[in-house]
Amino acid sequence: MTYRSLIVLLGSDERNAVRTATAIELARRFEAHLVGLAPTGIVDLPVVTDPSGSMGNLVELAWGSLRDEAAKNAAAFQQACSEAGLPSFEAVVDEADRIGSLVHHAHCSDLCIVSQAGLDAPDRRKQQRALEQMVLDCARPTLILPDAGVFRSVGSQVMIAWDDSREAARAVSDALPLLRIADGVEVINWIESKADDELAQSTRLQALQRWLMWQGVSAEIKTEVSEIPIAEAMLSRAADGQADLIVMGAYGHSRWTERLLGGATRGILGSMTVPIVMSH
């Protein structure tokens, strides 16, 4: 298993250049085809009755502006790939909502590359909710880059957040191409107290360690007690171990017609300091 096709979400935000550079580096590392997806977004105008037809003209102007911006982003991506000497790439302009477009196009890629919502963005909360929904809806693993820093090399030191859940197992499996080429892999299982069944936890961790070995990955395993929220414990441990990538499952649940992230997953997406691979 390896990554043969990657897809990166393009935009006009200040993190677009970092996303593109990271995607190019990963595509080169895996000798993969790289798709730059430039969705137009949708025209968000009030619905009014306008017999003069001026509203129709306004909508057409708005669509034209969105198309021009998406085409500009696609052209910049193609130029960056050409200058980097990437052998296989393409840019796709899609007249659709950004997140819906990525979820759809990701069906034919192995890994999606996006960014955390910028802390200074005026619509940060809206962007963050869109990112959360994309993580839950996407059929492929998602590499999420923090809103600050440059990450040309991702996955030299990898920390796996493990709780023996279906989501965690899916994330580890999806991240195998990255794990196989990492310099170091550490599996951490957090428990709330020493009263937890450490023997059972250790047995399951050893089983995971053997499975990773069969997949060509040498990993260290560890159980740690945490008295702080899991998201904080994860980021603290990643900093202590100098991890440049976290692999974890994305947890969600339903509330009526909504799909909501679990607390730890939302906490990580809101305060992440290193790139994260998530699968749901």
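Residues numbered from 1 in each chain as written. Predicted model: local features only at pLDDT ≥ 70, side-chain atom pairs only at ≥ 80, totals over all residues. Heavy atoms only, no water.

1. So, helix α8 (residues 230–240)
Applied cut-off: Relative accessibility under 20% of the residue-type maximum defines a buried residue, over 50% an exposed one, and the middle range a partly exposed one, all with a 1.4 Å probe and only protein chains included. Note on conventions: DSSP H or I runs of at least 4 residues are helices, E runs of at least 2 residues are strands, and numbering of each starts at the N terminus.
Within α8, the full set of buried residues consists of Ala231, Ala233, Met234, Leu235, Arg237 and Ala238. One or two positions beyond α8, positive phi appears at Gln242, with a value near 55 degrees.

2. With respect to the sheet that holds strand β4 (residues 111–115)
Counted only if it meets this: We call two strands paired when DSSP finds no fewer than two bridges between them. Angles run from 0 to 180 degrees between N-to-C directions of axes, and those axes are lines fitted to C-alpha atoms, restricted for helices to the stretch in contact. Throughout, a residue-residue contact means that at least one pair of heavy atoms, one from each residue, lies within 4.5 Å.
With mixed pairing, the 10 strands of this open sheet are ordered in space as β3-β2-β1-β4-β5-β12-β9-β6-β7-β8. Both edges of this open sheet fall to β3 (89–94) and β8 (219–225), since each of them pairs with a single strand only. Across this sheet, the average inter-strand angle for adjacent strands is 25 degrees, counted without regard to direction. Note that strand β1 (residues 5–9) and strand β2 (residues 33–39) share 5 bridges and pair parallel. Counterpart to Leu9 in the pairing with β2 is Leu37. Each of β1, β2, β3 and β4 touches helix α3 (residues 98–105); the most contacted strand, β2, lies at about 150 degrees to it.

3. Quick look at the packing of α3 against helix α4 (residues 124–137)
Going by this rule: Comment on the angle field: the value is read as roughly parallel under 35 degrees, roughly antiparallel over 145, roughly perpendicular from 65 to 115, and oblique elsewhere. Rotating anticlockwise by less than a right angle from the far helix to the near helix defines a left-handed crossing, while the corresponding clockwise rotation defines a right-handed one. Residue type decides the class: Asp, Glu, Lys and Arg count as charged, Ala, Val, Leu, Ile, Met, Phe, Trp, Tyr, Cys and Pro as nonpolar, and the leftover types, Gly among them, as polar.
Between α3 and α4, the least distance of the axes is 10 Å, while the angle of their chain directions is 20 degrees. Taken together, the axis directions place α3 and α4 in an arrangement best described as roughly parallel. Note that α3 runs across α4; the crossing there is right-handed. Note on element contacts: α4 touches α3 through Ala130, Met134 and Asp137, opposite Ile99, Leu102 and Val103. A class-by-class count of the residues in the contact of α3 with α4 yields 5 nonpolar, no polar and 1 charged.

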